[in-house]
Amino acid sequence: MGWWPFGGGGLSQKQLEEKRQIMTLTNEVEAMGDMFTRMNRRCYDKCLANAVAEGRDYGEELSIDEDKCLVSCASKFVATQQKVGEIFMQEAQAAGN
Amino acid sequence: MNAMLAGVSESERQRLMMMLEDMQIKEQVTMYNSLVERCFNNCVTSFRSKTLDDREEKCITRCTTKFIKASARAGQAFQAIGMQPGELPPHRRRG
């Protein structure tokens, strides 16, 4: 029994490396997708949800205010992501000392 | 773990190690993404500009730092559950 499609026995170093590369790439893509989904949900909640639920919005097109809110929300979400990443690195370095 | 794997073939061990590595990466990604979402939700309340203001930045910094320290401490306590009382390292406060 072995790893399809590599057959029986253990994998060579090169095959292991390849498998790891694919795994890393797949995880990265999934991570980005997940982050995007979260951002979408939060920005809808923050900018649109209340008005839409109460019928206070302007129909099917986005109003100027809704548009501005969404642009601001997305920018701030990405900025938050960068800030959190920064702090993680700082803490990791501090913990290593 | 090596004791549990006695007699398991090399290819199966490799497959297991890869799976564990993958699980660990996925778990860290989920933790990171959840943290970003949570700190964003708690700290960012106005949407007039495209950049974080000073208050929001400080809030996010606190949110993240607290989470990292809390996570480490909870992890320590979790690992200490199997130990004798008194083995959990004491809480260290700064001021």
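Residues numbered from 1 in each chain as written. Chains lettered and ligands numbered in written order. Predicted model: local features only at pLDDT ≥ 70, side-chain atom pairs only at ≥ 80, totals over all residues. Heavy atoms only, no water.

A short note on a nonpolar patch on the surface
Residue and element names in this part refer to chain B. Heads up, the condition is: Patch rule: a residue counts if its relative accessible area is over 30% and it has no salt bridge; like charges are joined within 9 Å, and nonpolar side chains (Val, Leu, Ile, Met, Phe, Trp, Tyr) within 5 Å. Computed by Shrake-Rupley with a 1.4 Å probe, the accessible areas treat only the displayed protein chains as cover when residues are assessed. Salt bridge criterion: a side-chain nitrogen from Lys or Arg within 4 Å of a carboxyl oxygen from Asp or Glu. Secondary structure follows DSSP: runs of H or I at least 4 residues long count as helices, runs of E at least 2 residues long count as strands, and numbering of each begins at the N terminus. The rule is simple: take the accessible area with a 1.4 Å probe, protein chains only, and divide by the maximum for that residue type; under 20% is buried, over 50% is exposed, in between is partly exposed.
Among the surface-exposed residues, Met-1, Met-4, Met-17, Leu-20 and Met-23 lie close enough to one another that they form a single nonpolar patch of about 540 Å² accessible area. Inspection of the secondary structure puts Met-23 in helix α1 (residues 10-43). The exposure class assigned to Met-23 is exposed, which follows from its relative accessible area of 52%.

Structural notes on the environment of Asp34(A)
All names here are of chain A. Put simply, the rule is: Definition of a polar contact: a pair of N or O atoms within 3.5 Å, with one able to donate and the other able to accept a hydrogen when the atoms are protein atoms, and with sequence-neighbouring residues admitted only if both atoms are side-chain atoms.
Structurally, Asp-34 is set in helix α1 (residues 13-53). The class for Asp-34 is partly exposed, based on a relative accessible area of 26%. There is a polar contact of 2.9 Å between the side chain of Asp-34 and the side chain of Arg-38.

Focus on the state of the cysteines
We count it as follows: The disulfide definition used here is simple: a pair of cysteine sulfur atoms within 2.5 Å.
Throughout the structure, instances matching the rule amount to four disulfides over all chains. The disulfide partner of Cys47(A) is Cys69(A), and the S-S distance across this bridge is 1.9 Å. What sets the handedness of the Cys47(A) and Cys69(A) disulfide is the S-S torsion sign, and at about -80° it is left-handed. In this pair, Cys47(A) is assigned in helix α1 and Cys69(A) in helix α2 (residues 64-96), connecting sequence segments 22 residues apart. Here Cys47(A) and Cys69(A) have matching classes, each one buried. Here Cys43(B) is linked by a disulfide to Cys59(B), with a sulfur-sulfur distance of 2.0 Å. Residues Cys43(B) and Cys59(B) are joined by a disulfide whose S-S torsion is about -70°; by sign, that bridge is left-handed. Of the two residues, Cys43(B) is situated in helix α1 and Cys59(B) in helix α2 (residues 54-80); the sequence distance between them amounts to 16 residues.

Quick look at the confidence of the model for chain B
Going by this rule: Confidence of the predictor at the level of single residues is given by pLDDT, which spans 0 to 100.
Taken as a whole, chain B shows an average pLDDT of 89; of its residues, 95% reach a score of 70 or greater. Quick note on the complex model: pTM equals 0.82, ipTM equals 0.82.

Overview of the UniProt feature "domain: Tim10-like" (unreviewed entry) in chain B
Our working definition: UniProt positions are given in the numbering used here, feature names are shortened, and annotations may be inferred rather than shown by experiment.
Annotation from UniProt places "domain: Tim10-like" (unreviewed entry) at residues 18-80 of chain B. Taken end to end, residues 18-80 of chain B is 84% helix and 0% strand, and its first and last C-alpha atoms sit 28 Å apart.

Structural notes on the pattern of salt bridges
A complete count under the given rule lists 16 salt bridges over all chains for this structure. We note a salt bridge from Glu21(B) to Arg20(A), for which the minimum N-O separation is 2.9 Å. With one member in each of two chains, Glu21(B) in helix α1 and Arg20(A) in helix α1 form a pair that bridges those chains. Given the relative accessible area of 29%, Arg20(A) is considered partly exposed. Linking Lys69(B) and Glu91(A) is a salt bridge whose minimum nitrogen-to-oxygen distance equals 3.7 Å. One end of the pair, Lys69(B), is in helix α2; the other, Glu91(A), is in helix α2, on a second chain. What you see here is one network of salt bridges that share partners, running through Asp34(A), Arg38(A), Arg41(A), Arg42(A) and Glu37(B).

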